[in-house]
Amino acid sequence: MGIMKFIPKVLDPVPGGKSMVNAVDFIVNWARSNSLWPLTYGTSCCAIEMMATSMSRYDISRFGSEVFRASPRQADLIILAGTIVEKMAEPLVTLYEQMPGPKYVIAMGACAVSGGPFYYDNYSVVKGADRLIPVDVYIPGCPPRPEALLQGLMLLQEKIKKETLRNPWTEEDINTSPITNPFGDALQAWKHSETRKDEEQADARAKFKEENPDYQGYKHVRVKREVFPEVPLAEIPAKGLTKAQLFTAISKKFDQVGVHGLEEISPEAIEEHNPLEALNLTVPKTDYYDLINFLKSEAGLDFDYLFDMLSIDWKENFEMVVQMQSLRHKHKIIIRTILEKDEDAAADEVQAKLPTLSRVFRAAEWKEREIYDMMGISFEGHPDLRRLFLDDDFVGFPLRKDFTSDAMIPRGY
Amino acid sequence: MNSLCNTQLPPGFKRRSIDSETEEFFINLGPQHPSTHGVLRLVLRLDGETVKEVVPHFGYIHRGIEKQAESQTYLQYIHLSDRFDYLTSHINNLGVCLAIEKAMNIGVPERAEYIRVIVNELQRISSHLVFFGSFGADMGALSVFLYAFKERELISQIFDELSGARLTMNFFRPGGSFDDVPDTFIPRVKDFIKKLRPAMKEYHRLFTGNIVFLERSKDIGILTQQQALDSGCSGPVARASGIDYDLRRDEPYSIYSEFDFGVPVRNNGDVYDRYMVRMEEMEESLKIIEQAVAKFPEGPYRSKTRPAYRLPTGTWTSVVESAKGQLGTFIVAEKGDKPYRIHTRSPSLANLSMLNEMCMDYKLADVVAILASLDPVIPEIDR
């Protein structure tokens, strides 16, 4: 672009030079708008629609944009397909900086436009990509249809065709770029068009009445409300050992176990209590590790598969939930342990501790990291206890009930 | 690219032994990389081109869905569940609905069950077609992508007519679905079955017999049965390692028990087996759809609606067989119409957890093939 920007300065004063500049503008813009090379950047759902747009049926190559580039250094368009979260913000800005100018940005989908479905009560989603990099075209939708993406691309092409060498594309300083308010402008335009539409309709109605003085109007018909039947819930027969058998086998070795929500324990009561769910076994913190080891190794029980681990914050204490199942016998169990909160620890510190299960089940390793990340429960003897999802310098543990963050906007209802 | 420093390893690396004769180094793959299926980030420790250790990093699409769900009603949560694993939205919806149905004792009429089964199996095929396409693209055969999306568009069109959306459908409700199927539904599904059968043969002619593909996939990235069991793998990944377990057959939810279908199982646990298991699963899904379409009943498409969906206090769980594996929903209900805590068991997270062992001592190019064969969806891991 070095020499190009002098062309208008030299040619504009010359008689007939203006039309020559216009001709150069036309050729440059025509070439540029019909060979937009997008970066393959997709974070979530919208990326699938972006892929669908570039594939057989919608065929984005009709608009010269089929050359999806894997490197930002070869791309001049970035389609922000999907949610952008705080952790992704820095890589995104780096990618944008690495692209050679002139470069364009399409914000595809509600998340990239404004945060979309993740706007309220959310601590990690960036509420609109234009807070990070300047955006040229916004495409609403969750996700937008391929036709909408194609329309967005055509709008961008129109925008490029209006560029001129007299005022060439310059890179905005992304750190100081103002956060524009597209919604406010759009709202004004929409209100204006609504009032105009109302006026036009009133005129049309008056004209129709003049022309058809005998017109009676139509009668409202009430649509019959659909009636749905009451259907009983189909039961899935449980397989393997019954709940009572499981409990007896376990309580022989561990005498402190109980059943969640059941005070007087008898085989019949266990079977009748909450019959659709698996056995909810409560176990004191001291027996937690031994019990899971026992369940895995004991012949006849064979809980060989760690299905899931999670924790619940009950305000006064935490509860650890481990779901296990036996693929051989096909029975299931849920083990629940209450953990007292450490009163001295602050809200952004670890407040409870448990022995790790990662030596018993490999599957526990990442699940315990997730619990540490989200709930702030530490696991003693864990080989690699780091945050799994959030940045290392994130303050607080989001799934605790007392978690607060400036980024969270509460929904007003 | 950093040269290896004895005292300081990047976070997550465990092995300290270093071959002193050659220089080992680290490279970063992602979070923005076309073959990491979204925004997975891998840090690899390489000796020349040989992979010595892999450390995955997550969280580049962590949207805090579990926290957000605590301030939304149960029915509003169904639409959030679309967005974990956007390739299997219908199946995620079903998982949430099953838990709510169990808690509130809501039954499902027969026609609604048939709709659920047909739509779920279409969704599974659609997800496996995306796997097939992206797997081919990652192996360097981009034309496979074009072929896979050709048939996938037919499914998208069926879903479009069904619910108005192509990807995030939000179609199922506790007790059935939010609307009846359109008249065009059954003819279109029949037409789709007619088209996919020859297309499957075409896929195999195009890709499966290819010598380059076979060389790059056989005996690569082996996951043993014990490893798969220990790390909680499920779905096609576990079945390719010889774990003969499919929820649809072993703990049939909905009305899967009424259909006759096979569960493809293979024993090598390599990239080729994981690919073949998915391809065979697509044919089994077609069989289910065929049977369901043949006896598609008349009747109501949902049971009686409730004035409010307030779950009784307690914990309610459900598991469904998603295209990736066992997708579990765990709801803790307290007073009110909002959940106290909702947790989703992500099959992709468990399937990825043996990545380090699977990639060890293979070449860098094989990492991409192994990762593609696991078919992870990152938003489902990060939630």
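Here the structure is a predicted model, which means the values were calculated and not measured.

So, how was this worked out
- Residues numbered from 1 in each chain as written.
- Chains lettered and ligands numbered in written order.
- Predicted model: local features only at pLDDT ≥ 70, side-chain atom pairs only at ≥ 80, totals over all residues.
- Heavy atoms only, no water.
- Helix = DSSP H or I, 4+ residues; strand = E, 2+ residues; numbered from the N terminus.
- Rg over C-alpha atoms; globule rule 2.2 N^0.38 Å.
- Contact = heavy atoms within 4.5 Å.
- Buried < 20%, exposed > 50% of the residue type's maximum accessible area, 1.4 Å probe, protein only.
- Areas by Shrake-Rupley, 256 points an atom, 1.4 Å probe, with all protein chains shown as cover.
- Lys, Arg positive; Asp, Glu negative; His and termini not counted.
- Charge placed at Lys NZ, Arg CZ, Asp CG, Glu CD.
- Pairing = 2+ DSSP bridges.
- Axes fitted to C-alpha atoms, helices over the stretch in contact; angles between N-to-C directions.
- Phe/Tyr/Trp six-rings, centres within 6.5 Å; stacked < 30°, edge-to-face > 60°.
- Arc of directions from axis to C-beta.
- Domains from an automatic or database assignment.
- Buried area = accessible area lost by both parts, 1.4 Å probe.
- Salt bridge = Lys/Arg side-chain N within 4 Å of Asp/Glu carboxyl O.
- Polar contact = N/O pair within 3.5 Å; in protein donor to acceptor, adjacent residues only side chain to side chain.
- Nonpolar A, V, L, I, M, F, W, Y, C, P; charged D, E, K, R; others polar.

Visitor: Can you walk me through the overall build of chain B in this structure?
Guide: Scanning chain B for helices and strands turns up 15 helices and nine strands. For 383 residues, the compact-globule formula gives about 21 Å, and the C-alpha radius of gyration of chain B, at 22 Å, lands near that figure. Overall size of chain B, expressed as C-alpha extent along the three principal axes, is 75 × 50 × 35 Å. Considering only contacts within chain B whose residues lie at least 6 apart along the sequence, 70% involve residues at least 24 apart.

Visitor: Help me understand the overall build of chain A in this model?
Guide: Each helix and strand in chain A was counted, giving eleven helices and eleven strands. Here the C-alpha radius of gyration of chain A, 31 Å, is well above what a compact globule of 413 residues would show, namely 22 Å. The dimensions of chain A, computed from C-alpha atoms along their principal axes, are 105 × 75 × 45 Å. In chain A, which comprises 413 residues, the share counted as buried stands at 47%. Just so you have it, chain A exposes about 21,800 Å², and 54% of that area is on carbon and sulfur atoms. The distance from the centre of the 49 positive side-chain charges to the centre of the 63 negative ones in chain A is 6 Å.

Visitor: Help me understand the side chain of A:Arg369, please; the structure alone is not making it clear to me.
Guide: By the element assignment, A:Arg369 lies in helix H11 (residues 364-375). Aside from chain neighbours lying at most four places away, what touches A:Arg369 is A:His382, A:Asp384, A:Leu385, A:Arg386, A:Arg387 and A:Leu388.

Visitor: Looking at this structure, how should I read the sheet that holds strand E6 (residues 279-282) of chain A?
Guide: Strand pairing within a sheet occurs via backbone hydrogen bonds; the two strands may be parallel or antiparallel. Residues and elements named next belong to chain A. Strands sit in the order E5-E6-E9-E8-E7 across an open sheet of five strands; the sheet is mixed. Here the strands that pair on one side only, and so sit at the sheet edges, are strand E5 (258-259) and strand E7 (305-313). In this structure, E5 lies alongside E6, joined through two bridges in antiparallel fashion. Each residue of the ladder has a partner; that of Gly 258, found in E6, is Thr 282. In the packing of H11 onto the sheet, the strands contacted are E7 and strand E8 (317-325), and the crossing angle to E7 comes to about 10 degrees.

Visitor: What is the right way to look at the packing of aromatic side chains in this model?
Guide: A ring pair, where both rings are aromatic, is described by two values, the distance of the centres and the angle of the planes. Enumeration according to the criterion identifies 29 aromatic pairs over all chains in this entry. Aromatic side chains A:Tyr119 and A:Tyr120 sit 5.1 Å apart centroid to centroid with 85 degrees between the ring planes, which places their arrangement in the edge-to-face category. For A:Tyr120, a relative accessible area of 31% translates into the label partly exposed. Between B:Phe213 and B:Tyr272, the ring centres sit 6.2 Å apart and the planes meet at 45 degrees, which makes this aromatic pair tilted. You can see B:Phe213 sitting in helix H7 (residues 211-217) and its partner B:Tyr272 sitting in helix H11 (residues 271-294), a full 59 residues away along the chain. You can call B:Phe213 buried: its relative accessible area is 3%.

Visitor: For this particular structure, what's the right way to read helix H10 (residues 288-297) of chain A?
Guide: Residue pairs spaced three or four apart in an α-helix point in one direction, given the helix's 3.6 residues per turn. Listed as buried for H10(A) are A:Tyr288, A:Leu291, A:Ile292, A:Phe294 and A:Leu295. Burial along H10(A) is one-sided: seen end-on, the buried residues are contained in an arc of 160 degrees.

Visitor: What is the right way to look at unusual backbone geometry in this model?
Guide: All names here are of chain A. For the peptide bond that leads from Cys 142 to Pro 143, omega is -10 degrees, which places it in the cis range. Tracing the backbone through its elements, the reader meets Pro 143 in the loop between strand E4 (137-139) and helix H6 (146-161). In this structure, Asp 121 takes a positive phi of about 55 degrees despite not being glycine. Relative to the helices and strands, Asp 121 is located in the loop between helix H5 (109-114) and E4. Since its relative accessible area comes to 10%, Asp 121 is described here as buried. A positive phi is found at Lys 315, a non-glycine position, where the angle reads about 65 degrees.

Visitor: Help me understand the domain arrangement of chain B, please; the structure alone is not making it clear to me.
Guide: Note on interface size: it is often stated as the accessible area lost on association of the parts. Residue and element names in this part refer to chain B. Segmenting chain B into domains produces domain 1 (6-57) and domain 2 (65-380). Distance between the C-alpha centres of domain 1 and domain 2: 31 Å. Domain 1 puts 18 residues into the contact, and the matching count from domain 2 is 18 residues. Here domain 1 packs against domain 2, burying approximately 1,600 Å² in sum over the two surfaces, 66% of which is carbon and sulfur. Here domain 1 is connected to domain 2 by one salt bridge. Close ionic contact of Lys 52 with Asp 361 constitutes a salt bridge, the shortest N to O distance being 3.2 Å. Between the two partners, domain 1 and domain 2, sit six residue pairs in polar contact (both at pLDDT 80 or more). Contributions of two or more residues to the side of domain 1 that touches domain 2 are made by strand E3 (41-47) and strand E4 (50-57). Of the residues forming the side of domain 1 that touches domain 2, the biggest block, six residues, is contributed by E4. Each residue belonging to the side of domain 1 that touches domain 2 can be placed in one class, and the counts come to ten nonpolar, five polar and three charged.

Visitor: Would you explain the pattern of salt bridges in this entry?
Guide: Should the charged atoms of two oppositely charged side chains come close, the side chains can pair. All names here are of chain B. Under the defined criterion, the tally for this structure stands at 45 salt bridges over all chains. Between Glu 121 and Arg 124 there is a salt bridge, with its nearest N and O atoms 3.2 Å apart. Residue Glu 121 and its partner Arg 124 are both found in helix H4 (residues 110-138); the two are separated by three residues, about one turn of the helix. For the pair Glu 121 and Arg 124, one class covers both residues: buried. The salt bridge involving Arg 239 is made with Asp 246; its shortest N-O contact spans 3.5 Å. The residues Arg 239 and Asp 246 share a single accessibility class, namely buried.

Visitor: Explain the sheet that holds strand E8 (residues 326-333) of chain B here, please?
Guide: Residues and elements named next belong to chain B. Spatially, three strands are ordered E7-E8-E9 in an open sheet, and the strand pairing comes out antiparallel. A strand with exactly one partner marks an edge of an open sheet, and here the two such strands are strand E7 (314-321) and strand E9 (339-345). Strand-to-strand twist in this sheet, taken as the mean axis angle between neighbours without regard to direction, amounts to 15 degrees. Of the pairings in the sheet, the one linking E7 to E8 comprises eight bridges and is antiparallel in character. Of the residues in E8, the one forming a bridge with Gly 314 is Ala 333.

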